[in-house]
There are 2 protein chains.
Amino acid sequence: MKRQTKISNAVIKRLPRYRRYLRELQKKGIDKISSSEFSDLTGYTASQIRQDLNNFGGFGQQGYGYSVSGLYNEISAILGLDKQYKMVIVGAGNLGQAIANHTYYYKTGFIVCGIFEINPRLIGMKINDIEVMDYDRIVEFVESNDIDIGVICTTKDAAQEVADKLCFAGVRGLWNFAPVDIETPTHVAVENMHISDSLHSLAYHMNRTREHEDKK
Amino acid sequence: MKRQTKISNAVIKRLPRYRRYLRELQKKGIDKISSSEFSDLTGYTASQIRQDLNNFGGFGQQGYGYSVSGLYNEISAILGLDKQYKMVIVGAGNLGQAIANHTYYYKTGFIVCGIFEINPRLIGMKINDIEVMDYDRIVEFVESNDIDIGVICTTKDAAQEVADKLCFAGVRGLWNFAPVDIETPTHVAVENMHISDSLHSLAYHMNRTREHEDKK
């Protein structure tokens, strides 16, 4: 059965950002924030924020604004960050190592349980106490450890095959850093981090920014 | 003077993706592609693609489709990938090293000229023959080497200060990997790679995907 209300991806992309700002407010000991203050902070209009949050029931109170901790917790729950996720990383090159280290410091519910490689020189190495294992063992490992997320840090040529194997072994989500779009069964979510696409967008905006300047 | 036509960021985000597919077609020796084939390949509707490309004049021919190399070159030029960009990376930790290595293998017009650090243990190290230098020298280096892009691979607490310094020194673009939104003068373009935001979106989609399954 399909859900009746489909929330747009643009809304979902803004939630982690709202959450980051709320976290900063929490750290500063701020308990509540008006919708216009929150708008100034995030750069989104108050009506945009209200609309986004209304998708999930809305959390502000007229004349009071938002409870910082309340909204932070609600958004965390919406995103599913009140749960734990077990991850494996495929590819122990620079990027795989960086992701292993990076997520290690999140201290949130994303736990890297194993890193897999085909390069024998890297197998056996440890990254933050996590062993780099032979890629041949991945299906067995994912199955027996109930891994939720596969992180693909391979070359683009290997990415789809790795994705297929991870899906077969039972992951529910793929976080793909390879510069290629991968296909998965509909029950497996995919989030792409296309690093070079981002750099190319930057190049575009730099040239447009310069055009503005030149015309001044 | 402002440009009359503002092309939406969503369109700009799709161009690198179109370009990637065109590059794959080129590698396979394919010269031309119909708009419906290109639609099947990319997952966007033919009308979406046509609309996107029409922003830049449109490149297809009725009854012929697209010339693969022609469109690849046009999109490259629109993105500004026919030029060279000199970059510095700030932060030589895991992420900075990964980006230095990653961009090294692009073999495109993005050249990492220097990496900067405050940690004395990392200063003097070499990554792909690029020296890790003392962060104190960054303004002088950016000025005297006409650096175009600053890549921010620091902690979130340091990111804004580093951004300010890079902008002062004269970069035209910032590629920000720190998990914080940074502010820049209007003439400096910013592209964010918020790695944890992406992971949080994935968590959301995984839970929604499971809800579908559970309701079946």
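Scroll up for the structure.
Attention here is on the structure that accompanies the text. All of these numbers come straight from a predicted model, not from anything done at the bench.

With respect to the environment of Val171(B)
All names here are of chain B.
So, step 1. With respect to the helices and strands, Val171 occurs in the loop between α7 (156-169) and β8 (173-176).
So, step 2. Along the backbone, Val171 and Asp146 are 25 residues apart, and their C-alpha atoms lie at a distance of 7.8 Å.
So, step 3. Residue contacts for Val171: discarding those within four places in its chain leaves Val142, Ile147, Asp148, Ile149, Gly150, Leu166 and Val188.

Side note on the relation of the copies chain A and chain B
The operation relating the two chain copies consists of a rotation about an axis and a shift along that axis.
So, step 1. Expressed as a screw operation, the relation of chain A to chain B combines 0.0 Å of axial shift with a rotation of 180°, fitting to an RMSD of 0.0 Å. Overall, the copies show the geometry of a two-fold rotation axis. Distance from the rotation axis, computed per C-alpha, reaches its smallest value in chain A at Ala98(A): 3.2 Å.
So, step 2. Looking at chain A, 100% of its interface residues are interface residues in chain B too, so the copies touch through the same face.

Observations regarding the sheet that holds strand β3 (residues 85-90) of chain A
All names here are of chain A.
So, step 1. Taken in spatial order, the seven strands make up an open sheet running β5-β6-β4-β3-β7-β8-β9, and their pairing is mixed. Unpaired on one side and paired on the other, β5 (126-127) and β9 (189-192) mark the two borders of the sheet.
So, step 2. Bridging between β3 and strand β7 (residues 149-152) involves four bridges; their strand directions are parallel. Bridge assignment links Ile89 to a residue of β7, and that residue is Val151.

A word on the packing of aromatic side chains
So, step 1. What the rule picks out here adds up to twelve aromatic pairs over all chains.
So, step 2. Seen from their ring centres, Tyr18(B) and Phe38(B) are 5.8 Å apart, and the 50° between their planes marks the pair as tilted. Pair noted here: Tyr18(B) is in helix α1 (residues 9-27) and Phe38(B) is in helix α2 (residues 35-42), with a separation of 20 residues, a long-range link.
So, step 3. When its relative accessible area of 0% is taken as the criterion, Tyr18(B) is described as buried.
So, step 4. An aromatic cluster is present here, built from Tyr18(A), Phe38(A), Tyr44(A) and Tyr66(A) joined pairwise through their rings.

What about the side chain of Asn101(B)?
So, step 1. If you trace the backbone, Asn101(B) turns up in helix α5 (residues 94-104).
So, step 2. Asn101(B) gets classed as buried once you look at its relative accessible area, which sits at 12%.
So, step 3. Of note is the side chain of Asn101(B), whose polar atom sits 2.9 Å from the side chain of Asn128(B).
So, step 4. Other than its neighbours up to four places away in sequence, Asn101(B) contacts Asn94(A), Ile127(B) and Asn128(B).

Considerations on the packing of helix α1 (residues 9-27) of chain A against helix α3 (residues 46-54) of chain A
Residue and element names in this part refer to chain A.
So, step 1. Two numbers describe how α1 lies on α3: the axes approach to 11 Å, and their chain directions differ by 110°. Classified by the angle between their axes, α1 and α3 sit roughly perpendicular to one another. Here α1 contributes Val11, Arg14, Leu15 and Tyr18 to the contact with α3, which in turn contributes Gln48, Ile49, Asp52 and Leu53.
So, step 2. Here the contact of α1 with α3 is composed, by residue class, of five nonpolar, one polar and two charged.

Here is what the cut-offs are and how they apply
- Residues numbered from 1 in each chain as written.
- Chains lettered and ligands numbered in written order.
- Predicted model: local features only at pLDDT ≥ 70, side-chain atom pairs only at ≥ 80, totals over all residues.
- Heavy atoms only, no water.
- Helix = DSSP H or I, 4+ residues; strand = E, 2+ residues; numbered from the N terminus.
- Contact = heavy atoms within 4.5 Å.
- Least-squares fit on C-alpha atoms with pLDDT ≥ 70 in both.
- Pairing = 2+ DSSP bridges.
- Phe/Tyr/Trp six-rings, centres within 6.5 Å; stacked < 30°, edge-to-face > 60°.
- Buried < 20%, exposed > 50% of the residue type's maximum accessible area, 1.4 Å probe, protein only.
- Polar contact = N/O pair within 3.5 Å; in protein donor to acceptor, adjacent residues only side chain to side chain.
- Axes fitted to C-alpha atoms, helices over the stretch in contact; angles between N-to-C directions.
- Parallel < 35°, antiparallel > 145°, perpendicular 65-115°, else oblique.
- Nonpolar A, V, L, I, M, F, W, Y, C, P; charged D, E, K, R; others polar.

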